[in-house]
Amino acid sequence: MGKRHEAAAERRDREFEGFVAGAAGRLLHAATLLTGDRAAAERLVERALARTWACWLQLRDEDPYALARLELVTAYDRGWGPLSPRARRGGGVLARLAPRERLVLVLRLVEGVDEEQVAAQLGLPVDRVRALLSRACTVMRSGPAEPGGGPAGPAGPVGAAGTVGAAGTVGTGRGLRGLVGRSRSEGGPR
């Protein structure tokens, strides 16, 4: 390989490492909310980043974070192999939601993706995305499903584990509002 190719490869590696440093925490946050399982979330993020790396040179004016998030969403939605049945069902603060409901809620409220993009990514009509989000919000506001599930506040239940922070850390939550407010206060999209 010539010096120009080596220099280009080194530049690409540095750019990707910078991207990972900036995006991995946010991707891990979304993956942890989806799976409720830190190990499964880390595997999803690793897969999404590996697939993003494979496309890195072809990215022109595209947002690499949007591509990585799409890879993560696609892997989760299709029940990617290494997800344990527990992780596919989900745990954590969103445990009472069906997988698609969790996916729509995380994309819309945590990641700030518009309805049309969510619909396109999941292959659903926009009305179905709205219905899934509405149901997810209703379930989250309805109160704890299990004994010991945590107190129900004005915004709804708080699971025993609380909310998951941007780096995947668990803190005391405030229901759905705490989940959304926390992601936005930690640099998530509005």
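Of the regular secondary structure elements, the protein holds 8 helices and 4 strands. Its helices and strands in sequence order give the protein the pattern α-α-α-α-α-α-α-β-β-β-β-α, from N to C terminus. Excluding contacts between residues fewer than 6 apart, the proportion of contacts in the protein whose partners are at least 24 apart in sequence is 55%. For the protein, the accessible surface area stands at approximately 9900 Å², while carbon and sulfur atoms represent 51% of it.

One can find His29 in helix H1 (residues 3-35). As for His29 and Glu42, which are separated by 13 residues in sequence, their C-alpha atoms are 9.7 Å apart.

Looking at the secondary structure, you find Arg38 in helix H2 (residues 38-55). It is 8.4 Å that separates the C-alpha atoms of Arg38 and Leu28, two residues lying 10 residues apart in sequence.

It is worth spelling out H1 at this point. Along its length, H1 shows its largest kink, about 45°, at Ala23. Listing the buried residues of H1 in full gives Phe16, Phe19, Ala23, Leu27, Leu28, His29, Ala30, Ala31, Thr32, Leu33, Leu34 and Thr35.

This brings us to the packing of aromatic side chains. Considering all chains together, one arrives at 4 aromatic pairs under this definition. Aromatic pair Phe16 and Trp56: ring centres 5.1 Å apart, planes at 85°, arrangement edge-to-face. Of this pair, Phe16 sits in helix H1 while Trp56 sits in the loop between H2 and helix H3 (64-77), placing them 40 residues apart in sequence. We note that Phe16, like Trp56, is buried. Ring geometry for Phe19 against Trp56: centres 5.4 Å apart, planes inclined by 40°, an arrangement best described as tilted. Taken together, the residues span a long stretch of sequence, with Phe19 in helix H1 and Trp56 in the loop between H2 and H3 at a distance of 37 residues. An identical accessibility class is assigned to Phe19 and Trp56; each is buried.

Further remarks concern H2. In this model, H2 (18 residues) spans 26 Å end to end at C-alpha, consistent with the 26 Å of a helix rising 1.5 Å per residue. By the burial criterion, the buried members of H2 are Ala40, Ala41, Leu44, Val45, Ala48, Leu49 and Thr52.

Considering the arrangement of structural elements, one finds Arg130 in helix H7 (residues 126-141). In this structure Arg130 comes out as partly exposed when scored by relative accessible area, which is 39%. Arg130 sits 25 residues away from Leu105 along the chain, and the two C-alpha atoms are 9.8 Å apart.

Definitions and limits used
By convention here, each chain's residues receive numbers from 1 onward along its written sequence. Given that the model is predicted, a residue must reach a pLDDT of at least 70 before its local features are reported, and side-chain atom pairs must reach 80 or more before they are shown or counted; all residues, however, enter totals for whole chains, interfaces and linings. Working from all heavy atoms in the structure, the side-chain values ignore hydrogens and water. Starting at the N terminus, helices and strands are each numbered in turn, a helix being any DSSP run of H or I of at least four residues and a strand any DSSP run of E of at least two. In what follows, a contact means two residues having at least one pair of non-hydrogen atoms within 4.5 Å. Only the protein chains shown count as cover for residues, and the accessible areas themselves come from Shrake-Rupley with a 1.4 Å probe. At every residue, the bend is computed as the angle between two fitted axes, covering the seven residues ending there and the seven beginning there respectively. Relative accessibility thresholds used throughout: buried, under 20% of the residue-type maximum; exposed, over 50%; partly exposed, between the two (1.4 Å probe, protein chains only). Aromatic rings from Phe, Tyr and Trp, with only the six-membered ring used for Trp, were paired whenever their centres fell within 6.5 Å, and each pair was classed as stacked if the ring planes differed by under 30 degrees, edge-to-face if by over 60, and tilted otherwise. Between the first and last residue of a helix there are one fewer steps than residues, each counted as 1.5 Å, and that sum is the expected span.

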